[in-house]
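Geometric and topological summary
Listed here are the chains, written in short residue letters.
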Amino acid sequence: MRLLRLIPVMVLITLLATAAVDFMPGSPAVAMLGNEATAEQVAALTAQMGLDQPLIVRYMDWVAGAAQGNLGTSIRLDLPVADVIAQRLPVTIELTLLALLIALLLSVPTALVAGANVGGWVDRVASTISSALISLPSFAAAVILIYVLSIRIQVFPVSGWVPFSQDPLSNLQHAFLPALVLGLMEAAIFYRVLRSDVIATVRETFVLAARARGMSKSYVLLRHVLRPSLFSLITITGLALGRLLGGAMIVEVLFALPGLGSVLLQSVPSRDIPVIQGVVLVIAVVYVLVNIAVDLIYSAVDPRVRVRSSA
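Below, the structure is looked at part by part.

Procedures and definitions
- Counting starts from 1 at the beginning of each chain's written sequence and moves along it residue by residue.
- Only residues with pLDDT of at least 70 are given local features in this predicted model, and only at 80 or more are side-chain atom pairs given and counted; all residues enter the totals for whole chains, interfaces and linings.
- The side-chain values count all of the structure's non-hydrogen atoms but skip hydrogen atoms and water molecules.
- Residue types Ala, Val, Leu, Ile, Met, Phe, Trp, Tyr and Cys, when buried and joined through side-chain atoms within 4.5 Å, form a set referred to as a nonpolar core.
- Throughout this description, buried means an accessible area under 20% of the type-specific maximum (1.4 Å probe, protein chains only), exposed means over 50%, and partly exposed covers the range between.
- The helix count covers DSSP runs of H or I at least four residues long, the strand count covers runs of E at least two residues long, and both are numbered beginning at the N terminus.
- It only takes one pair of heavy atoms within 4.5 Å for two residues to be counted as in contact.
- A pair of Phe, Tyr and Trp rings is counted when the ring centres sit within 6.5 Å of each other, with Trp represented by its six-membered ring. The angle between the planes then sorts it: under 30 degrees is stacked, over 60 is edge-to-face, the rest tilted.

Moving on: the nonpolar core. Judged by nonpolar contacts, the single largest core of 50 residues is most densely connected at Leu 177 and Phe 255. At the level of elements, helix H5 (81-116), helix H6 (121-134), helix H7 (138-152), helix H8 (168-201), helix H9 (205-212), helix H10 (217-225), helix H11 (231-254) and helix H13 (273-301) are the ones that each hand at least two residues to this core. The element that contributes the greatest number of residues to this core is H8, accounting for 13 residues. Sequence-distant contacts of Phe 255, that is, excluding residues within four places in its chain, are made with Ala 142, Ile 146, Val 158, Ser 159, Gly 160, Leu 177, Pro 178 and Val 181. Within the second largest apolar cluster, 22 residues are counted, among which are Trp 62, Leu 245, Ile 276 and Ile 283.

Relative to the assigned elements, Leu 177 resides in helix H8. Once the C-alpha coordinates of Leu 177 and Leu 222 are considered, the two residues, 45 residues apart in sequence, prove to be 30 Å apart. Those residues in contact with Leu 177 that sit more than four places away from it in its chain are Leu 145, Ile 146, Leu 149, Ser 150, Phe 156, Pro 157 and Phe 255.

Summed over the entire model, instances satisfying the criterion amount to two aromatic pairs. A ring pair is formed by Phe 156 and Phe 176, whose centres lie 5.0 Å apart and whose planes are at 25 degrees; its orientation type is stacked. With a gap of 20 residues between them, Phe 156 in the loop between H7 and H8 and Phe 176 in helix H8 connect regions that are remote in the sequence. Overall, Phe 176 belongs to the partly exposed group, its relative accessible area being 29%.

What follows is the structure in structure tokens.
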């Protein structure tokens, strides 16, 4: 049933992507041919691209092709859109997952310690840093990290990309800094949510009883506090993946990474509609699938959700 939710979401998003060309200033044919093109040349290319057809006709033609695995041909690159996406998608996926991993590694242990020791030095320092990170725009964080880690210390390259299959170590060196830029803000949000839940959980009766039975504080935190405190974190992790996919577009441009975000931003000025539609479709599918996965994980962690779902 959850997969059926994909259908109306996909229809709405791809229809909006198709309609976007009608709201863009200028003609895609003129953008391709240049201002020196004659009216006849512009009209011929417009007809060839099907842009002289009504919206619903253009959309149904695109859906018919997409259903057969044909997402069209890139106007700017003169390549099948499926090939363009297949080349770019691994970069965006790696960047997003690495950013999420960094966010979780930074936030979970810090929030666990800070929530169990409210007012302690870890809590004060981490809360101050998280407040600063939340108010810091991604591009500002990118500039600061590039200056410190790439220019001054020269630990990571400023830009560029090396595929993992070609050189894993060099790949991680190029991917870490962009992923850190993306992950820092999410780490601050994760920290705040998990810290609040940990503070509430440590006051529960079963936690106090575990401490009264002589269990060590670290054991109680990991065994009795962490799991019931994860529900909110699981939910916002799904939302974070959507934000990371969107944020990856800006970061990919800043660090000159060959991902989906950079090709999408390059396609908008050139009115490369097939690429825009294909990339929007892929991002929407990934976002919806991630949210379905979050629902399943939430059900696995909290049996009460399974009971309510099956009722």
